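Here's the letter readout for the chains.
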Amino acid sequence: MNRLTALRRARELDALSSRTVDVLVVGGGVTGCGIALDAVTRGLTVALVEKDDLAHGTSRWSSKLVHGGLRYLGTGDVGLALESARERDVLLRVSAPHLVRALPMVAPLGADLGRRDGALLAAGHRAGDGLRRLAGTPRSALPAPRRLSVAETVRLLPAVRRTELRGALLGWDGQLEDDARLVVTLARTAASYGACVLTRVRALSTDGTCRDELTGAPVHLRARAVVNATGAWADTLAPQTRLRPSKGVHAVLPAAVLGHPAAAMTVPVPGERNRWVFAVPHPDGIVHVGLTDDPLDGPLPEVPRAQDSEIAFLLDTLSRGLAVPLDRADVVGSFAGVRPLLAGAQGRTADLSRRHAVVRGDDGAWTVLGGKLTTYRRMAQDAVDVLTDVPCRTKTLPLLGAHGPVPGGLPPRLVRRYGSEAGEVAQLAAADPRLLAPVAPGVPVLGVELAWGVAAEGALTAQDLLERRTRLSLVDAWGAAARPAAEAALAGERAGLPS
Ligand SMILES: Cc1cc2nc3c(=O)[nH]c(=O)nc-3n(C[C@H](O)[C@H](O)[C@H](O)COP(=O)(O)OP(=O)(O)OC[C@H]3O[C@@H](n4cnc5c(N)ncnc54)[C@H](O)[C@@H]3O)c2cc1C
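Residues numbered from 1 in each chain as written. Predicted model: local features only at pLDDT ≥ 70, side-chain atom pairs only at ≥ 80, totals over all residues. Heavy atoms only, no water.

Quick look at the overall build of the protein chain
Looking only at helices and strands, the protein chain has 15 helices and 19 strands in total. Against the globule reference of 23 Å for 499 residues, the protein chain gives a C-alpha radius of gyration of 22 Å, in line with a compact fold. Taking all 499 residues of the protein chain together, the buried fraction comes to 58%. Relative to all contacts within the protein chain whose residues are 6 or more apart in sequence, the contacts with residues 24 or more apart total 71%. (Helix = DSSP H or I, 4+ residues; strand = E, 2+ residues; numbered from the N terminus. Rg over C-alpha atoms; globule rule 2.2 N^0.38 Å. Buried < 20%, exposed > 50% of the residue type's maximum accessible area, 1.4 Å probe, protein only. Contact = heavy atoms within 4.5 Å.)

In structure tokens form, the structure reads like this:
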């Protein structure tokens, strides 16, 4: 049973009123869903509660990079760098090869990157390649870094500024198809092993007191252990927790504005060491430009928003490497997230360690802090290690869709997003072939994707479909155009439910 539905949620909520589970996980981001999967595959009984929807928090606002840790070498944290490279390898080759691919990253050698900085970066790329080797990732999965000629640079980055261009440095890292899709896939995989995944259930404390956010009804869940995986919101349940949240912003541009680049472009932030703005091409003809990194003081917003000044910083920095500067009118969407960084160190948030920790509160509940998306599996392993002696299985465990035959003749975007489950998704159009068409003119998502979101991925509202099962809302115009189709998909499913 790997399908998450409204009906399953209702049944499981009901059944849990008379059951005690081994582990209650609070938070349905990448960390919480990773913990649920880790725990249930070690034979523990698991319930996960998420106050909103799967991937409602930071996990959908990442840069969607599966980092090999090169950045951490720059700050001297070799252990973290190697851990990242190992986790990248697991994601690329075992758990989610259908959702993670190799991304070429190109740093043009122009006026902004002097010969000394270029030499340092080339050395960094070689060190990053050493991490790849140590992590056991073959060259076939991540090719070797190398120097590019001017002609090769222009071919990969057609919009690059050619004045004083001496070529470029090419390195490789991992890129996710979609971070929210990874989270939903983790949740469904956990559910396929028997975990109860309950969205729209808010934990009010770490003693199992919760509220059904759909009805307002109190819910009491009994568990032998509680793990707080609420990321940047961890201190609302564990007040002793000390985090230093930092905000990161991306702008979304049509790929056409940058001449349809075939690689990510990185441009150094002037006056800073080891900080870059990058433009990463994504499927469906868009490019994400990131990334800011600024401390966020005061209460956390439920959904952070990008400020005009932050977008301007990204456009101005990237424009330094372009033949024609970008304009605010080029931006078709934007998004912002809050990193749940560990407190304790001084200095810029951009330099703070992305390490994680599992700590026990006075109430006996465990809280998982810090970390990053790439290392979610390791975070989950460390969290479940404190609960059981049974060995962890997730290093060799494929997620749903990761392996298995993919039938021929399917729309390529379904294979890209659903892997070996693509046939099952396409099957939803058997009775209505119109579901294999885009949901609105100019919008890339197909009708079956919305139908699958409701029938198998636990989408309960139109926002769930537009913002997390698909990422249509990343482009403002797509989100607006597809809303009627999302509402129709939900109504269609409800019409088929027993009343
Ligand atoms: C801008 C940006 C870019 C990033 N880019 C990358 C990258 O490219 N690669 C990478 O590896 N990492 C990246 N990261 C880091 C990574 O995204 C985060 O570390 C990770 O997603 C955190 O996941 P999480 O599950 O711990 O938290 P979240 O995803 O925030 O999940 C916590 C969940 O808990 C829920 N919740 C909160 N309170 C309650 C409650 N009381 N009851 C029930 N549920 C509750 C929330 O709704 C939320 O869904 C980036 C971060 C940012 C901000």
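Considering the environment of Asp293
Counting through the fold element by element, Asp293 comes out in the loop between strand E15 (286–290) and strand E16 (294–295). Taking relative accessible area as the criterion, Asp293 reaches 9% and is therefore assigned buried. Spatially, the C-alpha atoms of Asp293 and Tyr72 are 15 Å apart, while their sequence positions differ by 221 residues.

Considering the sheet that holds strand E7 (residues 196–199)
Read across the sheet, six strands follow the order E7-E2-E1-E11-E19-E18 without closing on themselves; strand pairing throughout is mixed. Among the strands making up the open sheet, the edge pair consists of E7 and strand E18 (356–360). Going across the sheet, the axis of each strand differs from the next one's by a mean of 20°, ignoring polarity. Where strand E1 (residues 20–26) meets strand E11 (residues 222–228), six bridges bridge the pair, whose relative direction is parallel. The residue bridging Leu24 from the neighbouring strand is Val226, located in E11. In the packing of helix H10 (residues 376–385) onto the sheet, contacts are made with E18 and strand E19 (366–370), and the angle to E18 comes to roughly 20°. (Pairing = 2+ DSSP bridges. Axes fitted to C-alpha atoms, helices over the stretch in contact; angles between N-to-C directions.)

A closer look at unusual backbone geometry
Among all residues except glycine, the phi angle is most often negative; among peptide bonds, the trans geometry is most common. Cis geometry is found at the peptide bond from Gly290 to Leu291, where omega equals 20°. Tracing the chain through its elements places Leu291 in the loop between E15 and E16. Unlike most non-glycine residues, Glu164 shows phi in positive territory, near 60°. Relative accessible area serves as the criterion here: at 55%, Glu164 is assigned to the exposed category. The phi torsion at His260 lies on the positive side, around 55°, for a residue other than glycine. Within the fold, His260 resides in the loop between strand E12 (246–254) and strand E13 (264–268).

Description of the pattern of salt bridges
In this structure the tally under the stated criterion is 44 salt bridges. Here Glu424 and Arg3 are joined by a salt bridge, their closest N and O atoms 3.2 Å apart. Within this pair, whereas Glu424 is found in helix H12 (residues 422–427), its partner Arg3 is found in the segment before helix H1 (6–16), the two being separated by 421 residues in sequence. Overall, the relative accessible area of 26% leaves Arg3 in the partly exposed class. Between Lys51 and Glu302 there is a salt bridge whose closest N-O contact spans 2.5 Å. One end of the pair, Lys51, is in the loop between strand E2 (46–50) and strand E3 (65–66); the other, Glu302, is in the loop between E16 and helix H9 (308–319), with 251 residues separating them in the sequence. (Salt bridge = Lys/Arg side-chain N within 4 Å of Asp/Glu carboxyl O.)

Keep in mind these numbers describe shape, not what the thing actually does.
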